[in-house]
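Examination of the molecular architecture
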Amino acid sequence: MLLHALRTEVAATARRLVLSRLVTGTAGNVSAREPETGHVAITPTGLDYETMTAADIVVVDREGQPVDGRWLPSSELPMHLEVYRRLPERHAVVHTHSLFATVFAASGREIKGIHYEITIGGGTSVRVAPYATYGTPELARNAVETMGQQSVVLLQNHGLLAVGPTLARAYAIAEKIEFIAELYYHALQLGSPIILPDDELLRVLEKSRSYGQPAQLQAASAGDREGSTDQHERSRAARRRQQATPG
Ligand SMILES: [Zn+2]
């Protein structure tokens, strides 16, 4: 099967989105790009995620033309392709209608910096892209232009879009921003949430660039495990590191 490993990872991410309740039914989609060819592995339209396997994932080229797979691709394919066209360093896209992020999207209200972990999205808040009908090039443009150099954006009256260099990272951003949206929603019920000032959040952004174990320790540790650890376990460890956030 073409792009077997990437399709397996896309299907696993789709199932994980259901388990963590970031997606219900078929309301969301996932894709990843193979950097060498520009081919994109994306979830199919209208299929439940619970039982999704690599064989259900569709492969298209950079223009969206079918390359492999038995189903039609997600209706949000134009938005995924727009991300890959404009952001060459991002190779994964996760789109959800997760509840609390969508509460803010439906109110046209950005998620403000109520918690320092908002910086996982690469900015001091999460902005709202103007509404356009789902699946249209206009929605794709609005989303990517409003997101700018950040890694996450709300889609007005629709949901959330998260992007990353890997699927693990895009998933972690979608999950964390949903948590912060829920936190912000509840804090607003109390009356006056404290929003962290931009200069503090920029300091956190700077600090998070050097967060984690130093590269030389990671390399030494990977070397130690070489004899007993296969590639799969090493990539799982790398994924865990990518999902870690400061604090
Ligand atoms: Zn959607």
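These numbers come from a predicted model, not from an experiment.

1. Focus: the overall build of the protein chain
Broken down by element type, the protein chain carries eight helices and eight strands. Across the 247 residues of the protein chain, 40% fall into the buried class. In the protein chain, 67% of the contacts between residues at least 6 apart in sequence involve partners at least 24 apart.

2. Digging into helix α4 (residues 137-147)
Among the residues making up α4, those that are buried are L139, A140, N142, A143, V144 and M147. Elements that come into contact with the buried residues of α4 comprise α2 (77-86), β6 (128-129), β7 (152-155) and β8 (159-164). With its phi angle positive at about 60 degrees, G148 sits one or two positions after the end of α4.

3. Observations regarding the sheet that holds β6
On the basis of which strands lie adjacent, the open sheet formed by eight strands has the order β4-β3-β2-β1-β5-β8-β7-β6 and mixed pairing. In the strand order of this sheet, the two ends are held by β4 (66-68) and β6, each with one partner. As paired elements, strand β1 (residues 28-33) and strand β5 (residues 92-96) share five bridges and run antiparallel to each other. Its bridge partner being in β5, V30 is matched across the sheet by V94. Sitting on the sheet, α2 touches β1, β2 (40-42), β3 (58-60), β5 and β8, and the angle it makes with β2 is about 145 degrees.

4. Regarding the pairing of β5
Most of β5 sits out of view: five of its five residues are buried. Here β5 shows no split at all, with A92, V94 and T96 on one side and V93 and H95 on the other all buried.

5. A short note on the packing of α2 against α4
Across the interface, α2 lies against α4 with an axial gap of 8 Å and an inter-helix angle of 45 degrees. Classified by the angle their axes make, α2 and α4 are oblique. Where α2 crosses over α4, the two elements pack in a sense that is right-handed. In contact with P78, M79, E82, V83 and R86 of α2, α4 contributes P137, L139, A140, R141, A143 and V144. Of the residues contributing to the contact of α2 with α4, the split by class is eight nonpolar, no polar and three charged.

6. Thoughts on the confidence of the model for the protein chain
When pLDDT is averaged across the protein chain, the result is 90; 85% of the residues are at 70 or more. In the model, residues 225-234 has pLDDT below 50 throughout and makes two contacts with residues more than four positions away in sequence or in other chains. Here residues 239-243 scores under 50 on pLDDT; set against residues more than four positions off or in separate chains, the count is eight contacts.

7. A short note on the pairing of β7
Taking every second residue as pointing to the same face, both faces of β7 are buried, with V152 and L154 on one and V153 and L155 on the other. Pairing geometry for β6 and β7, over two bridges, is parallel. Bridged to A129 within β7 is L155. In the classification by handedness, the crossover that spans β6, the intervening α4 and the parallel β7 is right-handed. Note that β7 and β8 share four bridges and pair antiparallel. Across the sheet, residue V152 finds its bridge partner in β8, namely A162. If you look at the hairpin formed by β7 and β8, you'll find three residues sitting between the two strands, and N157 has a positive phi there, around 55 degrees.

Conventions we followed
Residues numbered from 1 in each chain as written. Predicted model: local features only at pLDDT ≥ 70, side-chain atom pairs only at ≥ 80, totals over all residues. Helix = DSSP H or I, 4+ residues; strand = E, 2+ residues; numbered from the N terminus. Buried ≥ 20, exposed ≤ 12 C-beta atoms within 10 Å, placed from the backbone. Contact = placed C-beta atoms within 7 Å. Pairing = 2+ DSSP bridges. Axes fitted to C-alpha atoms, helices over the stretch in contact; angles between N-to-C directions. Parallel < 35°, antiparallel > 145°, perpendicular 65-115°, else oblique. Left-handed = near helix turned anticlockwise from the far one by under 90°. Nonpolar A, V, L, I, M, F, W, Y, C, P; charged D, E, K, R; others polar. pLDDT = per-residue confidence, 0-100. Right-handed = clockwise from strand over helix to strand, strands pointing away.

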